[in-house]
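For reference, the chains in residue letters:
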Amino acid sequence: MNEKITNTDLFQVIFDASLAGLFVVNELGFILIANQTAENLFDYSAGELANMNIHMIVPDWKKNAEAAQSKKNRAEPIQFFGLKKNGISFPLDIRCAPTVLKGQNLFALYCKPADTPVFESDRRFRNLVSNVAGIVYSCKAHSPYYMEFISETCKAISGYSPQQFYEDPALSWENLIHNEDLPKVLEELGRAVKEKRAYQLSYRIITSLKAIKWIWEQGSFVTDDQNVPFRREGFMHDVTDLKTVENALVKEKKLLRQYMDTSPSMFLVINKDHTVELVNKRTCEILGIEQDAILHKDWFTEFIPKRNKKQLIELFESIFEDKLNLPNFYENHVVAKGGQERLIQWNNAALRNGNNEIVGVVSSGLDITDTKLIQNTLNIRNRALEAAGNGIVIVDAQDPELPIIYCNQSFTHITGYEGSEVIGKNCRFLQNNDRDQPEIRDLAKAIQQGRPCRVVLRNYRKDGTLFWNDLSITPLYDEDRKLTHIIGVLNDVTEIQQNKRKLEEYALQLEHKVEEQTKEVQSAVQQLVTTSLNLEDQVVETNRAERKAKLSQALFTAIAHNFPNGVIMIFNTDYELVYVEGEEMDRIDIMKSHFEGIPIYDIPIFSKQQLKKIKSDIEKTLEGANISFEIEFKDQYYAVNSTPLYSDEKEIKWALFVYNNVTEQKEVQYKLEKTLLVEKELNELKSRFISIASHEFRTPLSAILSSAILIGKQNEPGKEDRRMKHVTRITTNVRDLVVILNDFLSLSKLEEGMVQVKPQIFDLIQFVKILIDEMEPNKKEGQNIFLEHSKPAITVFLDPKLLSHILINLLTNAIKYSEQQQMINIKISIKDKSLFIDIKDKGMGIPKEEHKNLFNRFFRAENATNIQGTGLGLHIVKQYTELLGGSISFKSKMGEGSTFSIKLPVNINEYEKNSVN
């Protein structure tokens, strides 16, 4: 008798007979039951799947479980990789139905093998899109622009996940756009959709964390059969860092302009056609003309005196033709407003283009009109002091010993001592042992009180002979009323004193012979009267000469001591430093008392080479030459000018050297040249970046767009091969975009110093094998990559991410520049503590003359310009290799291929330790 069939029996039959694999899984992922189809699908025997965790047969279940369990996606199968019992993976479609049974959360899984080509294509496409540094999106053609698709990168850039864009009706991309930028974005999109054209946008967004970021967006519209736009698709990239650099460059240019306009020097840029390209504010002030009246005018015609025009034009033409080394300094007059001429000291620098051709001259100048006038006046006063008939000495009042720091020629004539014998000594040496004179005490008291004084002293010449010295002293104070020097003016009044003694003798004789020689007495009296009158006349003349000498000496001392930013030195024909003064004395560690009066070879602050040069310059000056040059001393730069000084007999007796500190001007010139060079390099890099980026992005994006359109028009059955061809084309071009974007991103991070080495231990051989598998889609037909290694396993402690980038880039190049059916070899060996990796191909090779530039940014070999690339790959590879403590080299020959060799430390920590030691 037949038993009654229950619903349980029916459900069991349906469960076992289902053509789809069926599982019941609990919330912990353990399989409670599986039908025979499911067991056959994974090659397991009856009952083997029970109590097994679902991850054993679906490894990526955890990653996609949330999407599989979502009610929203239940109607759509989720694509997984299944794992058979023998370890072979295969594509799998799974639908998941969550339910609750007796208080337990259970999941019913329905699975079947996936359509392999479609599954693999979709997987690759999504994988490539997820690895793009920017956002790939597809949204409605009209506002509000709700996202139909947006890549995972949107989370890192905006803070919102794709799921939020899909499920939150209040969230659309236009909600993120900054209020100040939204109107222009909507306006541009409106024009683009109306004209059915592609568009490019740059705007700010506000992220979920309220941060502001700059976005660069490029896209186009997809139209229906009636050519009406219904969707827009494109790419968005975070360009916040680029905008920051751009704003910084604008700020730097503004600061440079402000610096030029606040500089005390003139700045000009003169073109090859002699016109003024750039001019600063100081130039306009000196010329008394507005900037617009100077720019684009012929400099030599408008602003140079006619007498100098031809000579200066010849000088500049020689510079432009690169026939002349630029002179350090030269001087010429310029014509200011109203025909007034100013004397300018110039310093020039050549301005070159990318071909190292001189296209202009940068000139910086100082107005030295007033300086020249003061210098000429000072020279006249110096000669006047030397020509004075009175003996003149200057004493350092700040030194307790009151040493002599200057004496003129009349002093040496009166005393018989040379200047070198008295410099540094106290004037008391002139009294020898005859120092018990009341006048000496009066003189010492006046010096102590800092007041003028006049006395007559008994002094002794170098040969010991007595002479009477009529000495007047004058104190010299600085601006703080501090006594700094004492000026002494002396006159030889020996003859007057002798006359006085004679008068005394005559008086004694008259007393004894009053009666006998009355007539003689009368005659003597008459003679005495005459002599007294002569003495009074001589005293008047002496006082007048004394006042002139004091005035000349005070002027000379004040000018010399306060000589700005420089030092005045005077050498005699015996190469002795007879005078030194100026503000720079403290900076170069010169004390008058220690240096004046000594030969140049006894000056300790100069080296032998410097002393030899100084002596040569003194010889030239004493021969009548005026010398101008520049030297560096104690980290300071000095412009040096020399001139001969003549005696009353028109003979050259001294050589005057004026050292002017021009360090500040040199630093200004250096900074200006450096800034102009950096700006030039940035402009060149920007132009090359825009050129390469626009070309490299336009081609793959156009291919992606056209292929996507063709796929949309070929949805009918039977056109699978055509669709697959376009899907492959999209995949290839998206992969190329990823490479380009990764290159630009890597370069940016390198230049900002953001790339950090994060080493870890791994097996290099297995690591390289995985990379070779990943390169499989990139290979051309018939190409093979052969791996040769000296050991079955090599353990290294390196950064796998940086090493992966290095090897993928070199393998990509080997594939790209090799023909079909070619072999690419990778050889790995280890010696001591060093790792060697050689990648060899038989491609087109690299021209020998271009080897030196191969690792430069944006460089493309001449024979590779028609092959896609940015010119950044090898530059980044070299930087990454050096970050890992290694080096890279290559050998290449046209038509025979290339071999790139990498040397790395096996353990980067050991390398860094050795480097520190």
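Residues numbered from 1 in each chain as written. Predicted model: local features only at pLDDT ≥ 70, side-chain atom pairs only at ≥ 80, totals over all residues. Heavy atoms only, no water.

The subject of this paragraph is the sheet that holds strand β17 (residues 404–407). Pairing is antiparallel across the open sheet formed by five strands, whose spatial order is β17-β16-β20-β19-β18. Two strands lie at the open edges of the sheet, namely β17 and β18 (453–460), each paired on one side alone. Adjacent strand axes in the sheet meet at a mean angle of 30 degrees, parallel and antiparallel pairs treated alike. Judged from the eight bridges that link them, β18 and strand β19 (residues 466–477) form a sheet pairing that is antiparallel. Its bridge partner being in β19, Tyr460 is matched across the sheet by Leu466. Across the sheet, helix α16 (residues 438–449) touches β18, β19 and β20 (483–492), and the angle it forms with β18 is around 130 degrees. (Pairing = 2+ DSSP bridges. Helix = DSSP H or I, 4+ residues; strand = E, 2+ residues; numbered from the N terminus. Axes fitted to C-alpha atoms, helices over the stretch in contact; angles between N-to-C directions. Contact = heavy atoms within 4.5 Å.)

Our next topic: the environment of Pro113. Of note, Pro113 is situated in strand β5 (residues 104–113). In this structure the C-alpha to C-alpha distance between Pro113 and Ile94, which are 19 residues apart in sequence, comes to 8.9 Å. Other than its neighbours up to four places away in sequence, Pro113 contacts Leu41, Pro91 and Leu92.

The next thing to look at is α16. Taking 1.5 Å per residue, 12 residues should reach 16 Å; α16 reaches 17 Å between its end C-alpha atoms and fits that length. What α16 keeps buried is the set Ile440, Leu443 and Ala446. Down the axis of α16, the buried set is contained in an arc of 125 degrees. They therefore lie on one face. Buried residues along α16 sit against β18 and β19. Immediately beyond the C-terminal end of α16, within one or two residues, lies Gly450, with a positive phi of roughly 70 degrees. (Expected span 1.5 Å × (residues − 1). Buried < 20%, exposed > 50% of the residue type's maximum accessible area, 1.4 Å probe, protein only. Arc of directions from axis to C-beta.)

In the contact formed by helix α23 (residues 764–774) and helix α24 (residues 800–816), the axes pass within 11 Å of each other and the chain directions differ by 50 degrees. Relative to α24, the element α23 is oriented oblique. In this structure, the crossing between α23 and α24 has a hand that is right-handed. In contact with Leu764, Phe767, Val768, Leu771 and Glu774 of α23, α24 contributes Pro800, Leu803, Ser804, Leu807 and Ile808. (Parallel < 35°, antiparallel > 145°, perpendicular 65-115°, else oblique. Left-handed = near helix turned anticlockwise from the far one by under 90°.)

Time to look at empty space enclosed by the protein. Under the definition given, this model contains nine cavities of 30 Å³ or more. Estimated volume of the largest cavity: approximately 110 Å³. In terms of lining, the largest cavity is formed by Ser265, Phe267, Phe329, Gln345, Asn347, Ser364, Gly365, Leu366, Gln665, Lys666, Val668 and Gln669. Within the residue set of the lining of the largest cavity, elements represented by two or more residues are β14 (341–352), β15 (358–367) and α21 (663–713). Element by element, the count of residues in the lining of the largest cavity is highest for α21, at four residues. (1 Å grid on protein atoms, 1.4 Å probe; cavity = no way out; pocket = protein on both sides within 12 Å on 5 of 7 lines; lining within 4 Å. Points joined across faces, edges and corners; volume = space filled by probe spheres on them.)

Each regular strand carries side chains that alternate between the two faces of the sheet. The pairing of strand β1 (residues 21–26) with strand β2 (residues 31–34) spans three bridges and is classified as antiparallel. Counted as the bridge partner of Val24 is Ile33 from β2.

When the terminal C-alpha atoms of α24 are compared, their 24 Å separation across 17 residues agrees well with the 24 Å that a helix rising 1.5 Å per residue should span. Extensive coverage of α24 is indicated by the burial of 13 of its 17 residues. For α24, the N-terminal capping position is held by Asp799, with its side-chain oxygen 2.9 Å away from the main-chain nitrogen of Lys801. (Polar contact = N/O pair within 3.5 Å; in protein donor to acceptor, adjacent residues only side chain to side chain.)

Under the defined criterion, the tally for this structure stands at 23 salt bridges. With a shortest N-O distance of 3.4 Å, Glu285 and Arg282 are connected by a salt bridge. Placement of both Glu285 and Arg282 in helix α10 (residues 281–287) is noted, with a separation of three residues, approximately one turn of the helix. Judged by its relative accessible area of 48%, Glu285 is partly exposed. Connected through salt bridges with shared partners, the residues Glu187, Glu188, Arg191, Glu195 and Arg197 form a single ionic network. (Salt bridge = Lys/Arg side-chain N within 4 Å of Asp/Glu carboxyl O.)

Moving on, we come to the sheet that holds strand β12 (residues 276–279). With antiparallel pairing, five strands are arranged side by side in an open sheet as β12-β11-β15-β14-β13. Across the chains shown, the open sheet's two edge strands, defined by having one partner strand only, are β12 and β13 (330–335). Between one strand and the next, the sheet's axes are offset by a mean angle of 35 degrees, whatever the strand orientation. Here β13 pairs with β14 via six bridges, running antiparallel. Bridge pairing links Tyr330 to Trp346 in β14.

Our next topic: the packing of α24 against helix α25 (residues 873–883). Viewed as axis vectors pointing N to C, α24 and α25 meet at an angle of 145 degrees, and their least axial separation amounts to 9 Å. Both α24 and α25 take part in a crossing whose hand is left-handed. Contacts between α24 and α25 involve Leu802, His805, Ile806, Asn809, Leu810 and Asn813 from the first element and Gly873, Leu874, Ile876, Val877, Tyr880 and Thr881 from the second. Residue classes in the contact of α24 with α25 are distributed as seven nonpolar, five polar and no charged. (Nonpolar A, V, L, I, M, F, W, Y, C, P; charged D, E, K, R; others polar.)

In short, the description is geometric, and any link to function would need to be established separately.
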